Every structure is written in structure tokens, then in C-alpha cells.
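Descriptive analysis of the structure
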Amino acid sequence: MAESNVTRENQTEELTDKDVVKPVIVQPRTQAESTGAFKVYPRRWAVLFTVTCLNISNAAIWICISPVATRVAEYYEKDLADINWFSLVFLFVSIPFCFISTFSVNRLGLKPAIHIGAALNCIGAIVRALGTSGIFSDLNTQFAVSLTGQVIAAMAQSFLLFIPTKVSQLWFPDNARAVSTTILSLSNPLGIVVAMVVSPLTVNKKEDFPLLNWIFMGVAVVAEVITIICVTRSKPVTPPSASAEEGNDQTTNASYLSQLKDAFTSVPYWLLLLALGCGVGLFSALATVTQQILCPLGYSDDFVGLANATMILCGFVGSAVTGVLVDKTKQFTPITKICYGIAAIMSVIMLEMFMVPHQPAVIATFTGLFGFFGIGAYPIGLELAVEATYPVDQTISTAFIFMSGQLQGVVIIALTGFLARPQKSQYIDIQVCTKSDISHIEPKDYTVSLMAIMSLLVLMVILTIIFMETPYKRLEAERAAMKRKASLGSGLASPSSSSFLEGGEEEEEEEKVECDEDDDRGSRKSPSKFANGGSPSVKDGDPEICQKEIVEEK
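Next up on the list: the packing of aromatic side chains. The tally for this structure, following the rule as stated, stands at 18 aromatic pairs. Aromatic pair Trp-45 and Phe-172: ring centres 5.3 Å apart, planes at 80°, arrangement edge-to-face. Within this pair, whereas Trp-45 is found in helix α3 (residues 43–63), its partner Phe-172 is found in the loop between α9 (164–171) and α10 (177–202), the two being separated by 127 residues in sequence. Classification of Trp-45 by relative accessible area gives partly exposed; the value is 45%. A relative accessible area of 1% places Phe-172 in the buried class. Grouping aromatic residues by their ring pairs yields a cluster made of Tyr-75, Tyr-76, Phe-86, Phe-143 and Phe-209. Against the face of Phe-143 rests Lys-78, its NZ or CZ located 5.1 Å from the ring centre.

Here is the structure:
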């Protein structure tokens, strides 16, 4: 009888333990699911504004010397080949720092990455300005110090240019991510436009060059101050979407190398890596060599600047249209294919016109159309890369596309010079490459170079249109999370709660929710041990601790 009583008591204890642990299995996996709502905060606009300002500043530092390269060469008493290193260092430094920056964002979180990028950008601009401040009398020393500052600013680019999709994922809801990515992605071209306008207006003679460095140093310092004020956390307390919550948990648990493996074993991502990279490379090449391609045919420097500005400004309009369209329809793949197909046609016509003199209106028109569809679809392509590789960290998918673009840009620029032929005799009288006293560009025939660029571009676009198909993994994860939330029943969320709320500042939420360290890896703790009529609440990402607390409370 004693043994029977002991057995019966043990069975009772086992049933009691099961009853205690069982509610953990059916509890929502995240606090957002338990409340039935995701939240967005006004601070998201401050983060977006900050990253936009930083990218504008960094892009302007990158390209501001190119429009006045001949005057800068006179200032330093250097050849143009030496001055071109102020632009080229950005291409070369970004390649190794692509790995460093993505690893840092993956391990440290968004906030440290933004602050590192802002600090490097500011320090680089200050060092470059000090080089021409008069502290150093020797021109070679001035050149070395200023180029060192340029290298430091180039390091910042990898921390700032690769995070648009990360910012959109962590801070914006699913119906605003494409627009957010569009704004952030176009901040870099906008910085290029700013530099193309400000530099020629500022540097009218070689003695004006130090003033240009002081101007962009001031912009970098202001951007640093904005960063310190506005970027105080990596992510909001309550996520804006289901994928923001679940994706963060999965990327935190996955190693950096395993995420690289997941990304580079995705065939759709490889197609985007090549196609989007080709588009970025063509844009970088056009910003660098358009002047030397068109001046043999009689097109002035002013027209070249106008054509490039038209391409970028039309890209802004195209991005706004495609961003809103994708946020409404979620048709990433069809819109990307259509836009890049049309962009390929426009670019072929544009490059064909680069071989014909006296056609400024036609060149400007098709340059604008190429910008509208080509640059306009670039942010959508980045979002599609996130969908194809989810839950891989967003900075990884973005960074290597840009690195591919930098590499292809170097190849296109090299091909342009390598395949150039002597100037055709019929165009010798109309060329303007050597008409200026300060111009050092040798007129050449770039017909073969342009044909090679067109062939490469068309090949990449055809491969993308034919073979590019991918499930939208992030959207599927969000739909699954919403179904899981619905299956939890009304006991876990009040009938009046909605699936999405506009929240106040994070400090109000922190009164209810206690958070760990402010990074992407911090887990959210329940404000109390019981909620919703006595049901035990759950800590995110640690069921064993949850079970232990429930047993102790029981």
C-alpha cells in the first residue's frame, strides 16, 4: 500500500509538471504576437534622415574632386592619374571592408555600425581638410595627408552604403520597406549630384581647392552631430513586422560564415549579384569616363555634367514610382524584370548615341530614361535580394551586390581605356578634349569599348529575365507568423487590438518592457510573470528559462 501511495503521488507530480510546462508550448513566440500588434515609432524617421545625411556626405567626399580634377592637379602639381586616386581609393578600399563591415553589423548591431561609419567619415574629412589648411608647406606632404583622409572616408562607405535594407527591416513595417530602401539607396547618388554642382561653383581656380575641403568637412561634422543625437539604439523595442522579430532571432543564432554560405548557395542571389552589380558598375563607369568618351565628339564638360545629373534625377523619380508600386503589390520579381529589361534597351540606345556627334537632345533623353528604369529599379532589386536570402542578414545581401558593382565598374573602366582606338580623322576638328588650356584628355575612338559594354549589359539582363525566379521568403515568414498569431486565439490578444500600431517614443514602451543591451541580439523580457488572465508570460528565445520560472511560480 505504501508503494502504491508513493507511485500515485509520483504520477500526480508528473501530471502537475506537464500541466505547468504545457502552456509554454502554445504561448506566442514573441511579445508582438502576444499583444496582437506590431509597432512603428516616430524615431524611425530620425534614423532614416541620419543615414541619408551620412551617405550624402560620404558620396560627396568621394566624387567632389572629379568635376574639378584638372584644377586640383594644378594645385598639387600632379598628373591627372595621381588625382584620380582620390576617387579610385573608394573602389579598392570597399572590397576588403565589405567583409569587415558586414561582420561588424552582424555581430554588433546597427547602431554601432552607423556610429563607426559616421566617425570614420568625419575623421577622414577633417584629415583631408587639414592637408590643405596651410599647416604643411610641402605639396607632396599635403597630397599624402589629404589622400590619407580620403582613404579613411572610404572605409566609412562600407558601413553606410550597405545598411539601407537593414534600416528598413528593423524600423519600418512591411508596407513601407521598399520606399524606405529607395530613399536610403538614392542618398548616395544624391550626394554625387551635390558634389557635381558644388565643386565647379566653388573651385574656379586652383587656389579655391582648400575651400572645397573645408565645405565638405563641415557637412561631415554636421552629419556626425546628427548621428550622435538621433541614433541611440539599433532597433525599436517592439518590432514593426513579424520578419523583423523572427529574422533577428535567426540571424543572431546563425554564424557569419553560415550566413555567407546560405547567401552564396542561392542561385537567384547569384543572378542578382551579377545583374545588379553590372548596373552599379555601369553607373560608376559613366560617372567616371563619360567626359572622355564624349569630348572627342564635340560635347562639352557642361553637357556631360547635365547628362549625368539628368540620369540621377530621373532615377529619383523612377525609384519613387517603383517603390510605391512594390509596397502596394509585393511583386518584386516582375517589376525588377520589366524595369531592367527596359533599362537595357534604353542603355543600348544611349551608348549608341555616344558614338554620334551633334545629338545632345537624344543623348540627354535616353540618359534620363536609362536612369528612370535602371537606377529606379535598383532599390527594388536590393529588396528582392533580401527576399531571396532571408533570414540572412540584410547587410550581407546588399554589401556583396555593391562589391560586385565596384568590381564590375573597375572592369568596365579598364575595358573602356584598353579597347579605345585612335581618334577618327573626321572628328579631329570637332573634338573639345584639348581645346582647354587645362585639359589633358587625349581624344580617342571608343566605339569598340561601347560595343563591349553593351554586350555585357545585355547578357546580364537576359540571364536575369530568363532564369530569375525566387520565393519571397521574408513575406512567407511574415504570413506564417500572422497565421500562428491568429491560431493562438483571442485569449492572447484583446479583441480591440490591431495587428499594427503607430507607437510613441521608445521610452514610453520601456516603462512596460524591460530590455537587455541595446543591440540586435538583445532579447525582450516579459514585464510580469503573468498576463492575460493568469497565463504565464514568455521570455523571447529561451524556453528553458521560461519553463523554470513557471515551475517556480507554480
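What follows picks up the thread again.
For the rest of this paragraph, the subject is empty space enclosed by the protein. Tallied over the full model, the rule gives 5 cavities of 30 Å³ or more. Considered as a void within the structure, the largest cavity measures approximately 370 Å³ in volume. Elements represented by at least two residues in the lining of the largest cavity include exactly α10, α14 (267–294), α16 (332–353), α17 (360–389) and α19 (447–467). Within the lining of the largest cavity, the residues separate by chemical class into 19 nonpolar, 5 polar and no charged.

Let us look at the nonpolar core. Membership of the largest hydrophobic core comes to 97 residues, with the highest contact counts inside it found for Tyr-76, Ile-83, Val-167, Ile-192, Phe-354 and Phe-370. Per element, the largest residue contribution to this core is 9 residues, and it comes from α3. For Phe-354, the residues in contact, after removing those within four places along its chain, are Leu-286, Thr-290, Ile-293, Leu-294, Leu-297, Ile-363 and Leu-450. Core analysis: the next-biggest nonpolar cluster, separate from the first, contains 34 residues, Phe-162, Val-326, Met-468 and Tyr-472 among them.

In the structure shown here, the tally under the stated rule is 5 salt bridges. The partner of Lys-205 in a salt bridge is Asp-208, with the nearest N and O atoms 3.5 Å apart. Looking at Lys-205, the relative accessible area reads 46%, which means it is partly exposed. The salt bridge partner of Arg-474 is Glu-387, with a shortest N-O separation of 3.1 Å. With Arg-474 in helix α20 (residues 473–487) and Glu-387 in helix α17, this pair connects stretches of sequence that are 87 residues apart. Each member of the pair Arg-474 and Glu-387 is classed as buried. Among the charged side chains, a network of salt bridges with common partners joins Glu-383, Glu-387 and Arg-474.

Two numbers describe how α3 lies on helix α6 (residues 85–108): the axes approach to 7 Å, and their chain directions differ by 130°. On the basis of the axis angle, α3 is oblique to α6. Two secondary-structure elements touch here, α3 through Asn-58, Ile-61, Trp-62 and Ile-63 and α6 through Phe-86, Ser-87, Phe-90 and Leu-91. Residues that form the contact of α3 with α6 fall into these classes: 6 nonpolar, 2 polar and no charged.

A cis amide bond links Tyr-390 with the next residue in sequence, Pro-391, at an omega value of 10°. Mapped onto the secondary structure, Pro-391 falls in the loop between α17 and α18 (394–418). A positive phi is found at Glu-77, a non-glycine position, where the angle reads about 60°. With respect to the element layout, Glu-77 can be found in the loop between α4 (69–76) and α5 (80–83). Since its relative accessible area comes to 63%, Glu-77 is described here as exposed. The phi dihedral of Lys-330 falls on the positive side, at around 60°, and the residue is not glycine.

So, how was this worked out
- Residues numbered from 1 in each chain as written.
- Predicted model: local features only at pLDDT ≥ 70, side-chain atom pairs only at ≥ 80, totals over all residues.
- Heavy atoms only, no water.
- Phe/Tyr/Trp six-rings, centres within 6.5 Å; stacked < 30°, edge-to-face > 60°.
- Helix = DSSP H or I, 4+ residues; strand = E, 2+ residues; numbered from the N terminus.
- Buried < 20%, exposed > 50% of the residue type's maximum accessible area, 1.4 Å probe, protein only.
- Lys NZ or Arg CZ within 6 Å of the ring centre and 35° of its normal.
- 1 Å grid on protein atoms, 1.4 Å probe; cavity = no way out; pocket = protein on both sides within 12 Å on 5 of 7 lines; lining within 4 Å.
- Points joined across faces, edges and corners; volume = space filled by probe spheres on them.
- Nonpolar A, V, L, I, M, F, W, Y, C, P; charged D, E, K, R; others polar.
- Core = buried A, V, L, I, M, F, W, Y, C linked by side-chain atoms within 4.5 Å.
- Contact = heavy atoms within 4.5 Å.
- Salt bridge = Lys/Arg side-chain N within 4 Å of Asp/Glu carboxyl O.
- Axes fitted to C-alpha atoms, helices over the stretch in contact; angles between N-to-C directions.
- Parallel < 35°, antiparallel > 145°, perpendicular 65-115°, else oblique.

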